[in-house]
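# Observations on chain architecture
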Amino acid sequence: MTEPAAATADAVRAKTIRVANAPVSFGVDELLPADAWMPKPDEVIDLIAELDYEGTELGPPGFLGDPSVVRSRLAERGLALVGSFLPLNFADEALFARDLEWLRGVLPTVRDSAPDPSTVMAILSDGFDAPARLQFAGRIPEHPEAWLPENRWPSFMANLHRAGETCREAGFRVSIHPHAGTYLETEPEIRRMMDGLDTSVVGLCLDTGHVRFGGGDPVALARDYADLITHVHLKDCRSAVIREVAATGGGMEEDLRAGAFVDLGDGDSAIAEVIDVLRDRGYAGWMVVEQDSRLLGSDTIERLRNSQRKNREFLRGLGL
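An account of the accompanying structure is given in this report. Quantities reported herein were computed from a predicted structural model and do not represent experimental measurements.

### What about unusual backbone geometry?
One can expect most non-glycine residues to show negative phi and most peptide bonds to be in trans. Residue Asp 52 is not a glycine yet carries a positive backbone phi of 75 degrees. Turning to its location among the elements, Asp 52 is positioned in the loop between helix H2 (41–50) and strand S2 (55–57). With a phi close to 55 degrees, Ala 270 is a non-glycine residue in the positive phi region.

### Notes on the side chain of Ser 269
Tracing the backbone through its elements, the reader meets Ser 269 in the loop between strand S9 (261–262) and helix H12 (271–280). If we skip the residues at most four places from it in the chain, Ser 269 touches Thr 208, Gly 209, Arg 212, Pro 218, Lys 235, Asp 236, Cys 237 and Val 274.

### Quick look at the packing of aromatic side chains
For the structure shown, the criterion picks out four aromatic pairs. Ring centres of Phe 90 and Phe 156 lie 5.6 Å apart, and the angle between their planes is 75 degrees; this geometry places the pair in the edge-to-face category. Of this pair, Phe 90 sits in the loop between strand S3 (80–88) and helix H4 (93–112) while Phe 156 sits in helix H6 (residues 153–169); the two residues are 66 residues apart in sequence, bridging distant segments of the chain. Owing to a relative accessible area of 0%, Phe 90 belongs among the buried residues under this scheme. Taken together, Phe 90, Phe 96, Trp 153 and Phe 156 form an aromatic cluster joined through their ring pairs. In this structure, Lys 235 is placed above the aromatic ring of Phe 261, and the distance from its NZ or CZ to the ring centre is 5.6 Å. One cation-aromatic arrangement involves Arg 312 over Tyr 53; the distance from NZ or CZ to the ring centre is 5.7 Å.

### With respect to the sheet that holds strand S5 (residues 173–176)
Spatial strand order, S1-S10-S7-S6-S5-S4-S3-S2: eight strands in an open sheet with parallel pairing. Each edge of the open sheet is held by one strand with a lone partner, namely strand S1 (17–20) and S2. On average, each strand axis in the sheet is inclined to that of its neighbour by 25 degrees, with strand direction left out of account. Here strand S6 (residues 203–207) pairs with strand S7 (residues 229–234) via four bridges, running parallel. The residue bridging Leu 206 from the neighbouring strand is Val 232, located in S7. In the packing of helix H9 (residues 218–225) onto the sheet, contacts are made with S6 and S7, and the angle to S6 comes to roughly 160 degrees.

### Re the nonpolar core
By size, the foremost hydrophobic cluster in this structure holds 74 residues, and its most contacted members are Leu 124 and Met 193. Ignoring any residue separated from it by four or fewer positions in sequence, one finds Leu 124 in contact with Leu 86, Leu 88, Phe 90, Leu 160, Ala 163, Gly 164, Cys 167, Val 174, Ser 175, Ile 176 and His 177.

### Examining the layout of surface pockets
Considering only enclosed or pocket space, the largest pocket measures out at about 260 Å³ in volume. In terms of lining, the largest pocket is formed by 19 residues, of which the most central are Gly 259, Phe 261, Ser 293, Arg 294 and Arg 303. Taken together, the elements giving at least two residues each to the lining of the largest pocket come down to helix H11 (252–258), S9 and helix H13 (301–317). When residues of the lining of the largest pocket are assigned to their parent elements, the largest contribution, four residues, is made by H13. Residue classes in the lining of the largest pocket are distributed as six nonpolar, six polar and seven charged.

### Things to note about H6
Compared with the 24 Å implied by 1.5 Å per residue over 17 residues, the 24 Å span of H6 between its first and last C-alpha is a close match. For H6, the complete set of buried residues consists of Trp 153, Phe 156, Met 157, Asn 159, Leu 160, His 161, Ala 163, Gly 164, Thr 166 and Cys 167. In this fold, the buried residues of H6 make contact with S3, H4, strand S4 (121–126), S5 and helix H7 (187–195).

The rules behind each value
- Residues numbered from 1 in each chain as written.
- Predicted model: local features only at pLDDT ≥ 70, side-chain atom pairs only at ≥ 80, totals over all residues.
- Heavy atoms only, no water.
- Helix = DSSP H or I, 4+ residues; strand = E, 2+ residues; numbered from the N terminus.
- Contact = heavy atoms within 4.5 Å.
- Phe/Tyr/Trp six-rings, centres within 6.5 Å; stacked < 30°, edge-to-face > 60°.
- Buried < 20%, exposed > 50% of the residue type's maximum accessible area, 1.4 Å probe, protein only.
- Lys NZ or Arg CZ within 6 Å of the ring centre and 35° of its normal.
- Pairing = 2+ DSSP bridges.
- Axes fitted to C-alpha atoms, helices over the stretch in contact; angles between N-to-C directions.
- Core = buried A, V, L, I, M, F, W, Y, C linked by side-chain atoms within 4.5 Å.
- 1 Å grid on protein atoms, 1.4 Å probe; cavity = no way out; pocket = protein on both sides within 12 Å on 5 of 7 lines; lining within 4 Å.
- Points joined across faces, edges and corners; volume = space filled by probe spheres on them.
- Nonpolar A, V, L, I, M, F, W, Y, C, P; charged D, E, K, R; others polar.
- Expected span 1.5 Å × (residues − 1).

Listed below in structure tokens is the structure:
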């Protein structure tokens, strides 16, 4: 029996999108204390492969091993290296100078961890060193004392472009990732950044969960910037949790511990609608499940497996 034309068209479009996961979905996070419990590298990539994801992001540089070990681990499991999350402080000149040197030092590690670095996305993010942004994360519009001063936006953008050029000179594609707890959290901040962004240098990484965390509309941003989106992080966020934490005066760490980021479909980030918009606009690239979480001492590999299996099944139900 011949398939309906619409179903055939959907299948063709779906093939242009590949689905990956990332170590942060398994609790591996740059911001964790050094002695925090987390799964071992082989456990993480074994689960990513087992659950039918096609690739992984690098996680904190060094977590998956030195470059030769990373290449071997991924090759054994048939996984692609999709990208690397690289936070730098764009708003503070002294911190940015330090972070730019760090970036120059870490890019060779990322490059040598992949057979073809030109296929790996350098995912830039603003840094997490502004205490007020972490304290008031999720409620920035109510706290103008935490806004980036007007006179610091030009240097913020200049530093963002400088970091992007550094990555491109090293052979990478580049995206900027708006992120909760940074100076790129709210929708107005994201739109202002996009108004000044040189998209020949840096594209947009749309993270559905962080947009919702900051009070933004992921569907509207997907629609308005679809042609400029070069990377996608799929994350769901439960806004009610953020409101509850805000009522107690808690900040970013309390939001994470309270479970603001949830399995796909359990929050209000409109994942299915975002995917529909991007498909309709011809997005062809990676969609990475990137579920920020804080692990507890009682957490187990089995819970992580079940969570990421649920996420994969959710996406499969959307044709991915």
